[in-house]
Amino acid sequence: MEGTLLLIVILGAAGTMHLGEACGEQTCPAAPDGLMNVHLIPHTHNDVGWLKTVDQYYYGAQNYIQHAGVQYILDSVISQLLLDAKKRFIYVESAFFWRWWNQQSEGLKKDVQNLVQEGRLEFINGGWTMNDEAATHYSSIIDQMTLGLKFLQSTFGECGRPRVAWHIDPFGHSREQASLFAQMGYDGLFFGRLDYQDKENREKNKQMEMVWRGSDDLNPPVADLFTGVLPNGYNPPSGFCWDQFCSDSPIMDNPLMEDYNVDAVVTNFLSVVDQQSQHYRTNHLIMTMGSDFQYENANLWFKNMDKLITLVNAQQTNGSKVNVFYSTPSCYLNSLNRANMSWPIKTDDFFPYADGAHMFWTGYFTSRPTFKRYERLSNNFLQVCNQLEALTGMAARNGPYGTGDSSVLRRAMGVAQHHDAVTGTAKQAVADDYNFRLYKGWNSCQTLISNALSNLMGTKENFVFCTLLNISVCPFSEAAKTFNVILYNPLGRSVTWNVRLPVNGRKYLVLGSSGEPIRNEVVPVSEFTKAVRRDKGQAEQELIFQAVIPPLGISKFAVGALTTQGLFVKPKKLLQYPNSIQNKYYQVDFDPGTGLIAGIRNLEKGISLPLTQSLYWYKASAGNAGSAQVSGAYIFRPNQTEVEHVTQKVQTYLVEVRKIPPLH
Ligand SMILES: *[C@@H]1O[C@H](CO)[C@@H](O)[C@H](O)[C@H]1NC(C)=O
Ligand SMILES: *[C@@H]1O[C@H](CO)[C@@H](O)[C@H](O)[C@H]1NC(C)=O
Ligand SMILES: *[C@@H]1O[C@H](CO)[C@@H](O)[C@H](O)[C@H]1NC(C)=O
Ligand SMILES: *[C@@H]1O[C@H](CO)[C@@H](O)[C@H](O)[C@H]1NC(C)=O
Ligand SMILES: [Zn+2]
C-alpha cells in the first residue's frame, strides 16, 4: 500500500478539456449538488478474439461456442439511441466499429454522425483493441492506439475523440500504460481488475480513485493521469443485469399482476447506492450497466433502465437524495473534476493481479511463447514496411512485384495487441487465426518492400525473404551456389549484425559492396536444431559473417560457394567438460562436475564475474485441498514452493572454427 501522501491535482490539468463543442461537457446530464448522482454507463465489452475469432465475433458465427455477434449489438444499440434522446452508449473497440461502419448505408452513417456530435454515442478508449499491458511492447501499443484513433478522427472529427481510457478487462495494469495514456492526452482512466486485497483496502479507505503518476522521469503533470477503479469489475451491480444473457428479474411494474417487484427493486437499488457511496468520495457514483457481448437485444437493457430511472427518481418527492441517469465515463469524470477534490497518488504498477488466494494472473506472461515471439518480430517488420513505404511512396504500393500494403500487417498487429491475443489466453483456433493474420500481413509487406528496394536500388532482383532463420531454414540459400544478401537496418544508428544463413557448401567467398572480401565462417547445424526444424530444411551448415549496416540503410553482400573442401570441423561431443573456453575478450569457465557455466571473465578489464547456471521448472498445480485453482494459461500456480531440476548435468559439444585469414 501507498503511504498517506496526498496531492492536489485538478483534473484536466494534463489534458485539455474541449469546451464549446456540441459533444463536450455541456451535453452531460444535469447532476445537482445536493443529490447522490448515479451515472449509469450502458456499455458492452467486445473481445477482439477469444473463444471465437474476431470475424466470428463480428458476425455472430459459431454461436454454439459463445453466443456473441457484434454487428447485431451495434445495429440494436444505434436504433435504440435514435429512438430516444435521453439514451447514451459508449463504444470501445475500433477494430469492430470499423468493420461495422464500412457496411452501413450513407443515411445511417449520417444518423450515427449526429449521435456522435450530440455526445450520445461516445467513443471511449478507441484503440483498435483494448490492449494487454504485460505482454505488449510500448511501440505496438502506440501503433494500435494510433490506428484506432486515426479512424475515429477521420470519420467523426473532434467529437469522435475519446477523452477517457477504458481498460476494464486487461489482467493487471502497468504504470507505463498510464504514462502512455497521459501523454496521448486522455483525461482519465478506468479499469476493473486489481488485486483483491488492494481493492478491499481501497474500498475501506476510499482510495478507489486516485492520480496515477506514470513516470519518475517526466515532470508532473506530463505523465499524471486520473485513475478510477470501477466498483463491480465492469459488470452491473448484483441483481441489476437485464441483458438477454442474464437471469435477474425484469422490473415487473403492474401492481395487478403476480410478482410485482417495484418496491423490492427500488429498495435494493437504494441499498446498492448506499453501499457503493461508502467506498467513493464524491456525490457521484459510476455503475457499468453491461458486460461481455451484451446489448445484442438492447431493448431489454434500456427498457428496464428507463423504468429504474423513473422509479428511483420518483422517490425524490418523498425525500430520497438519489438521482439516477444515463451517462458516460467522460460525464462522470467531468463531475469529479467539478467536485474539486484532492486524490491519493499512486506511483507503482497494479501487477501482479490476483482475484483470490492462489489465483495470481501471471501465467499469461509466458503463455504461447512462440506467438509472443512472432508478434514481436512482426512489430519489427511492420516498422521496416512503414519506413520503406514512407521513403518510396506510391512506388512501394504498386510496382514490379504487385500491390503491397502496410495496412494488412498494421491491422493484424492491432488485433494481436488485444488482451486475449498476445497474452496467449485465446483458444487454439483463435491463436491460429492471429498467426494467420500476421502471416498475411508479412506477405503484403514483402511485396511492398520488394517494390521499395527495387525502386531504391534501381534494379529488379528476384527477392527471397528468409523468414524461418529461427530454425535454420531458407531453401534458397541452401540450394543456390551464388546469391546476394541484402540487409536493411530500420534503426537510427549503425548496426553490426551476425548474419547466419543455412547453406550446404563448406567454404564461401563473401564480398562487401565495394568488392572487399568479408571474413566468414561455416559451422554445422546442430542436431538439436535439426530436430526442431524436422523436414522443413536440409541445410547441414550455416554460413556466418558480420555485417555493418548504416542507419536506415541497406548493405549488400555477394556470396559464392567455393569448391575447395576441408577447413571444416564436425562438432565433437566432449567426453570431459572443458574447464573453460576463451577468445581475446572473454573467458567462460565451466563447472567440471556438471558442465554448466561457472563464471565469466572479462580479460581486457580483468573483471571476474562468478555465475551459477541452473535449469529448473515448476510443476503445475492441479488444484489441492487449499484451493481448487489449477495452473493454466491465465494463472500460474506451482504445486510446491521447491523447483525441480530440468537436468543436473548437461551434454557439451565443442564446435571449433578454424580461423580463416582475410583473403587477398
Ligand atoms: C411517497 O410516500 C407516500 C406515503 O408513504 C406514498 O403514498 C407514495 O406512493 C410515495 N411516493 C412514491 C413515488 O413512492
Ligand atoms: C478548489 O479547492 C481549493 C482548495 O482545495 C480552493 O482553494 C478553490 O477555491 C476551489 N475551487 C473551486 C472552483 O471551488
Ligand atoms: C519460427 O518462426 C516462425 C515464424 O517466423 C514461427 O511460426 C515458428 O513457430 C518458429 N519456430 C520455432 C521452433 O520457434
Ligand atoms: C506436484 O506434482 C507432482 C506430479 O506432477 C506430484 O508427484 C507431487 O506430489 C506434487 N506435489 C505436491 C506438493 O502436490
Ligand atoms: Zn476482454
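Residues numbered from 1 in each chain as written. Chains lettered and ligands numbered in written order. Predicted model: local features only at pLDDT ≥ 70, side-chain atom pairs only at ≥ 80, totals over all residues. Heavy atoms only, no water.

Enquirer: Any chance you could break down the overall build of the chain for me, citing the residues and the numbers?
Expert: The helix and strand inventory of the chain stands at 16 helices and 27 strands. With the principal axes as the frame, the chain shows a C-alpha extent of 100 × 60 × 50 Å. Within the span of the chain, comprising 664 residues, buried residues form 50% of the whole. Taking the intrachain contacts of the chain between residues at least 6 apart in sequence as the baseline, contacts between residues at least 24 apart amount to 74%. When the accessible area of the chain is evaluated, it comes to approximately 31100 Å², of which 53% is carbon and sulfur surface. When the 57 basic and 61 acidic side-chain charges of the chain are each reduced to a single mean position, those positions are 10 Å apart. (Helix = DSSP H or I, 4+ residues; strand = E, 2+ residues; numbered from the N terminus. Buried < 20%, exposed > 50% of the residue type's maximum accessible area, 1.4 Å probe, protein only. Contact = heavy atoms within 4.5 Å. Areas by Shrake-Rupley, 256 points an atom, 1.4 Å probe, with all protein chains shown as cover. Lys, Arg positive; Asp, Glu negative; His and termini not counted. Charge placed at Lys NZ, Arg CZ, Asp CG, Glu CD.)

Enquirer: Let's hear about the coordination of the zinc ion (ligand 5): which residues, and what values?
Expert: Here the zinc ion (ligand 5) is held by His-45 (NE2), Asp-47 (OD), Asp-169 (OD) and His-419 (NE2), and the distances to it run 2.0 to 2.1 Å. Metal-centred angles of 93 to 159° between the four donor atoms at the zinc ion (ligand 5) mark the site as irregular. Of note, the donors binding the zinc ion (ligand 5) are all from one chain and are spaced H-x1-D-x121-D-x249-H. On the criterion of sequence distance, the pair formed by Asp-169 in the loop between strand E5 (164-167) and helix H6 (175-184) and His-419 in the loop between helix H13 (406-416) and helix H14 (428-457) is long-range, its members being 250 residues apart. (Donors = N, O, S within 2.8 Å, 3.2 Å for Na, K, Ca; no water. Tetrahedral: all angles 85-135°; square planar, octahedral: opposite > 155°, others 65-115°.)

Enquirer: I'd love a proper account of the site of ligand 3, names of residues and values included.
Expert: Near ligand 3, the surroundings consist of Thr-370, Arg-373, Tyr-374, Thr-467, Leu-468, Asn-470, Ile-471 and Val-532. A total of 360 Å² of accessible area belongs to ligand 3 in isolation, and the protein chains cover 62% of it. Split by residue class, the shell around ligand 3 holds four nonpolar, three polar and one charged. (Near = heavy atom within 4 Å. Nonpolar A, V, L, I, M, F, W, Y, C, P; charged D, E, K, R; others polar.)

Enquirer: Tell me about the sheet that holds strand E2 (residues 36-42), and name the residues and values.
Expert: As summarised here, the arrangement of the three strands in space is E9-E2-E10, forming an open sheet in which the pairing is parallel. Two strands lie at the open edges of the sheet, namely strand E9 (284-289) and strand E10 (322-326), each paired on one side alone. Between one strand and the next, the sheet's axes are offset by a mean angle of 25°, whatever the strand orientation. In this structure, E2 lies alongside E10, joined through five bridges in parallel fashion. Within E10, the position partnered with Asn-37 by the bridge is Asn-323. Along the sheet, helix H8 (residues 262-277) contacts E2, E9 and E10; its crossing angle with E9, the most-contacted strand, is approximately 120°. Docked against the sheet, helix H9 (residues 298-314) engages E2, E9 and E10, running at close to 155° with respect to E10. (Pairing = 2+ DSSP bridges. Axes fitted to C-alpha atoms, helices over the stretch in contact; angles between N-to-C directions.)

Enquirer: Residue-level account of helix H5 (residues 138-156), with values.
Expert: End to end, H5 covers 26 Å across 19 residues, agreeing with the expected 27 Å (1.5 Å per residue, within 8%). Of the positions making up H5, those classed as buried are Ser-139, Ser-140, Ile-141, Gln-144, Met-145, Leu-147, Gly-148, Phe-151, Leu-152, Thr-155 and Phe-156. Against helix H3 (94-101), helix H4 (106-117), strand E4 (121-123), H6, helix H11 (369-392) and H13 lie the buried residues of H5. Just beyond H5, the residue with positive phi is Gly-157, at close to 70°. (Expected span 1.5 Å × (residues − 1).)

Enquirer: Can you break down the state of the cysteines residue by residue, with the values?
Expert: Structurally, a disulfide amounts to a covalent bond that connects the sulfur atoms of two cysteines. According to the stated counting rule, one finds five disulfides in the structure shown. Cys-241 shares a disulfide with Cys-246; S-S distance 1.9 Å. Shown here is the disulfide that connects Cys-466 with Cys-474, its sulfur atoms set 2.1 Å apart. On the accessibility criterion, Cys-466 (28% relative accessible area) is partly exposed. Under the relative-accessibility criterion, Cys-474 is labelled buried at 2%. Sequence-ordered numbering of the bonded cysteines in the chain gives a pairing of 1-3, 2-6, 4-5, 7-8, 9-10. (Disulfide = S-S within 2.5 Å.)

Enquirer: Talk me through the site of ligand 1; I want residue IDs and the actual numbers.
Expert: Residues in close proximity to ligand 1 include Ala-314, Gln-315 and Asn-318, which together make up its full environment. Within the side chain of Gln-315, a nitrogen or oxygen atom sits 3.0 Å from an oxygen atom of ligand 1. Protein coverage of the free-state accessible area of ligand 1, which is 360 Å², stands at 32%. (Polar contact = N/O pair within 3.5 Å; in protein donor to acceptor, adjacent residues only side chain to side chain.)

Enquirer: I'd like a rundown of the sheet that holds strand E19 (residues 554-561), residues and numbers included.
Expert: The sheet built from three strands is open, its strands ordered E14-E19-E16 with antiparallel pairing. Sheet topology places strand E14 (482-488) and strand E16 (508-511) at the edges, where each strand pairs with a single neighbour. Strand-to-strand, the axes of this sheet are offset by a mean angle of 25°, without reference to chain direction. With seven bridges joining them, E14 and E19 adopt antiparallel strand pairing. Bridge assignment links Asn-484 to a residue of E19, and that residue is Ala-558. Across the sheet, H14 touches E14 and E19, and the angle it forms with E19 is around 95°.

Enquirer: Could you give me a rundown of the layout of surface pockets, with the residues and numbers involved?
Expert: There is about 1600 Å³ of room inside the largest pocket. At eight residues, H11 tops the list of elements feeding residues into the lining of the largest pocket. Residues belonging to the lining of the largest pocket are distributed by class as follows: 27 nonpolar, 11 polar and four charged. (1 Å grid on protein atoms, 1.4 Å probe; cavity = no way out; pocket = protein on both sides within 12 Å on 5 of 7 lines; lining within 4 Å. Points joined across faces, edges and corners; volume = space filled by probe spheres on them.)

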